[in-house]
Amino acid sequence: QVQLVESGGGLVQAGGSLRLSCAASRSIFSFNGMGWHRQAPGKERELVATITTTGSITRYADSVKGRFTISRDIAKNTVYLQMNSLKPEDTAVYYCNADVGNYYWGQGTQVTVSS
């Protein structure tokens, strides 16, 4: 069992930045990987970025490449998503997930980008 708690969402103007955090309830070192997904109103949930917790291999959606950066701090059992140059189309609820064989999800954090 893994509990994930996201934080860091909020309201920001276009061009601004936010950093999301996802704290896991236990060590992430043994996880296969962690990631961020988002879901905008009326749309399906989509992958934003993933990272392996040991090899730090990262993967990004084309829509966020060059603007978002995923990272992890194993000592803090936390994964981050640094979001720069935010656009109104980035507005969504952002969810953290963990792959431990099974998938676990956080409760989500709202990100709203105003134009």
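## Side note on the state of the cysteines
If you walk through the whole model with that rule in mind, you get one disulfide. The disulfide partner of Cys-22 is Cys-96, and the gap between their sulfur atoms is 2.0 Å. With the S-S bond torsion at -75 degrees, the cross-link from Cys-22 to Cys-96 turns out left-handed. Of the two residues, Cys-22 sits in strand β3 (residues 18-24) while Cys-96 sits in strand β9 (residues 92-99), which places them 74 residues apart along the sequence. Each member of the pair Cys-22 and Cys-96 is classed as buried.

## Remarks on the nonpolar core
The biggest cluster of nonpolar side chains holds 31 residues, and the ones touching the most others in it are Leu-4, Met-34, Trp-36, Leu-81, Met-83 and Tyr-94. Of all elements in the fold, only β3, β4 (33-39), β5 (46-51), β7 (68-73), β8 (78-83), β9 and β11 (109-114) reach the threshold of two or more residues within this core. Filtering out sequence-adjacent residues up to four positions away, Met-83 remains in contact with Gly-16, Ser-17, Leu-18, Leu-20, Arg-67, Phe-68, Tyr-94 and Val-111.

## With respect to the pairing of β7
Bridge analysis of β7 against β8 gives six bridges, and the strand direction is antiparallel. By the bridge assignment for β8, Thr-69 is matched with Gln-82. Counting the residues that bridge the hairpin from β7 to β8 gives four residues, and of these Asn-77 lies at a positive phi of roughly 55 degrees.

## Structural notes on the pattern of salt bridges
What the rule picks out here adds up to four salt bridges. The partner of Asp-90 in a salt bridge is Arg-38, with the nearest N and O atoms 2.9 Å apart. Of this pair, Asp-90 sits in the loop between β8 and β9 while Arg-38 is found in strand β4, placing the two residues 52 residues apart along the sequence. Arg-38 shares its class with Asp-90; the two are buried. A salt bridge links Lys-65 to Asp-62, with the shortest nitrogen-to-oxygen separation between them at 3.1 Å.

## Section: the sheet that holds β8
Taken in spatial order, the four strands line up as β1-β3-β8-β7 in an open sheet, and their pairing is antiparallel. Each edge of the open sheet carries a strand with a single partner, namely β1 (4-7) and β7. On average, adjacent strands in this sheet sit at an angle of 15 degrees to one another, irrespective of strand direction.

Cut-offs and rules
Residues numbered from 1 in each chain as written. Predicted model: local features only at pLDDT ≥ 70, side-chain atom pairs only at ≥ 80, totals over all residues. Heavy atoms only, no water. Disulfide = S-S within 2.5 Å. Helix = DSSP H or I, 4+ residues; strand = E, 2+ residues; numbered from the N terminus. Buried < 20%, exposed > 50% of the residue type's maximum accessible area, 1.4 Å probe, protein only. Core = buried A, V, L, I, M, F, W, Y, C linked by side-chain atoms within 4.5 Å. Contact = heavy atoms within 4.5 Å. Pairing = 2+ DSSP bridges. Salt bridge = Lys/Arg side-chain N within 4 Å of Asp/Glu carboxyl O. Axes fitted to C-alpha atoms, helices over the stretch in contact; angles between N-to-C directions.

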